[in-house]
Amino acid sequence: MNVLEMRDVTREHGAGQSLVHALRGVSLAVRPGEFVAVMGPSGSGKSTLLTLAGGLDAPTSGTVVVEGVDVGGLRRAGLAALRRRSIGYVFQDLNLIPSLTAVENVMLPRELDGVRARRARREALSALADLGLADLAGRFPEDMSGGQQQRVAIARALAGDRRLVLADEPTGALDSRTGEDVMRLLRSRCTEGAACLMVTHESRHAAWADRVVFLRDGEIIDSAGRSVPESLLEGTA
Ligand SMILES: Nc1ncnc2c1ncn2[C@@H]1O[C@H](COP(=O)(O)OP(=O)(O)OP(=O)(O)O)[C@@H](O)[C@H]1O
Ligand SMILES: [Mg+2]
């Protein structure tokens, strides 16, 4: 069974003169163990694709299925539960909670999902350690660098055993070595059976994926295997 299946998904904003087609008829399936990179120019629909895959926004038409469940058929509480249990999300703008320390930020979604505090803390510390932040667990986001905050956001998405990891440019604020470490971590999470969908502008990060999906003007224009044709990378940086 696919972890994520999107069928003919469309997302429109506005109406009339100001109608924007953020996504036009996108179909995409991601299997357990698969790491898929999403590339495309600014405004091509990458973040829209991720928010729809994560149930944070609803499509104008089409179907999104996560672990066999039609997301559109869920009520609010069911959707929130599916998101917390199955989906780890790294937001383009991080969304860390300023009044919580790093470890508390990472623990929060797990605790909301009913995991006991002690276990949630242990998982959170282990996820932070995986990202090289073991010593900063008690820091507040405002006392951390941009790259450290970004790694806390990644730890929050990876804590526990979420089956679908959605990451919107998770390496934007990281130096190249830390960026590679994050790729290795996402890759190994996929090897353990998760499915990962990651937006990136960097072809060397996309090279870690099994497949690269290229978006332009809300449409998938191509899907490539490990080697990315140069012609498709034009205009994506
Ligand atoms: N709430 C909204 N209202 C109107 N238009 C929107 C809204 N959200 C997104 N869009 C439009 O949808 C299109 C796709 O936006 P999206 O954020 O998915 O692009 P992106 O590929 O993630 O770009 P970037 O690389 O800059 O992050 C853009 O034209 C954007 O202006
Ligand atoms: Mg975006």
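Scroll up to find the structure this text is about.
Everything in this summary refers to the structure shown in the same document. (Residues numbered from 1 in each chain as written. Chains lettered and ligands numbered in written order. Predicted model: local features only at pLDDT ≥ 70, side-chain atom pairs only at ≥ 80, totals over all residues. Heavy atoms only, no water.)

A separate point is the coordination of the magnesium ion (ligand 2). Every protein donor of the magnesium ion (ligand 2) is listed here as S47 (OG) and Q92 (OE1), and their distances to the metal cover 2.0 to 2.5 Å. In this pair, S47 sits in helix α1 (residues 46-53) while Q92 sits in the loop between β6 (87-90) and α3 (102-112), placing the two residues 45 residues apart along the sequence. (Donors = N, O, S within 2.8 Å, 3.2 Å for Na, K, Ca; no water. Helix = DSSP H or I, 4+ residues; strand = E, 2+ residues; numbered from the N terminus.)

Mapped onto the secondary structure, G132 falls in the loop between α4 (117-130) and α5 (146-158). Its relative accessible area of 56% is what places G132 among the exposed residues. Placed 20 residues apart in sequence, G132 and L112 show a C-alpha to C-alpha distance of 25 Å. (Buried < 20%, exposed > 50% of the residue type's maximum accessible area, 1.4 Å probe, protein only.)

Moving on, we come to the pattern of salt bridges. For the structure shown, the criterion picks out 14 salt bridges. Residue D113 is joined to R84 by a salt bridge in which the shortest nitrogen-to-oxygen separation is 3.8 Å. Residue D113 is found in the loop between α3 and α4, and its partner R84 is found in helix α2 (residues 76-86); the two are separated by 29 residues along the sequence. With a relative accessible area of 19%, D113 lands in the buried category. According to the relative accessible area criterion, R84 is partly exposed, its value standing at 25%. Where D210 meets R187, a salt bridge forms, and the shortest distance between an N and an O atom there is 3.0 Å. Placement of D210 in the loop between α7 (203-206) and β9 (211-216) and of R187 in helix α6 (residues 176-191) is noted, with a sequence separation of 23 residues between them. (Salt bridge = Lys/Arg side-chain N within 4 Å of Asp/Glu carboxyl O.)

Of note, T48 is situated in helix α1. Residue T48 is classed as buried on the basis of its relative accessible area of 16%.

With relative accessibility at 17%, the residue R187 sits in the buried group. Within the local environment of R187, its side chain forms a polar contact with the backbone oxygen of W208, the two atoms lying 3.0 Å apart. (Polar contact = N/O pair within 3.5 Å; in protein donor to acceptor, adjacent residues only side chain to side chain.)

Quick look at the sheet that holds strand β5 (residues 69-70) now. Strand order in the open sheet formed by four strands is β2-β1-β4-β5, and the pairing between neighbours is antiparallel. A single partner strand is all that each edge strand has here, and the edge strands are β2 (20-30) and β5. In this structure, strand β1 (residues 4-13) lies alongside strand β4 (residues 61-66), joined through five bridges in antiparallel fashion. Of the residues in β4, the one forming a bridge with M6 is V64. Where α1 meets the sheet, its contacts fall on β1, β2 and β4, and the angle it forms with β1 comes to roughly 120°. (Pairing = 2+ DSSP bridges. Contact = heavy atoms within 4.5 Å. Axes fitted to C-alpha atoms, helices over the stretch in contact; angles between N-to-C directions.)

With that out of the way, let us pick up the packing of α3 against α4. For the pair α3 and α4, the least separation of the axes is 8 Å and the interaxial angle reads 125°. Judged on the interaxial angle alone, α4 and α3 are oblique. Of the two elements, α3 crosses α4, and the hand of that crossing is right-handed. Of the residues in α4, those in contact with A102, V103, V106, M107, R110 and E111 of α3 are A117, R119, A120, R121, E123, A124, L125 and L128. For the contact of α3 with α4, the residue count by class is nine nonpolar, no polar and five charged. (Parallel < 35°, antiparallel > 145°, perpendicular 65-115°, else oblique. Left-handed = near helix turned anticlockwise from the far one by under 90°. Nonpolar A, V, L, I, M, F, W, Y, C, P; charged D, E, K, R; others polar.)

When we look at burial in α2, the residues that qualify are L79, A81, L82 and S86. What you see down the axis of α2 is that its buried residues fit within an arc of 160°, all on one side. Those residues of α2 that are exposed and angled more than 90 degrees off the buried face are R76 and A77. Contacts from the buried residues of α2 go to β4, β6 and β7 (164-168). (Arc of directions from axis to C-beta.)

Nothing here speaks to function; it is all geometry.
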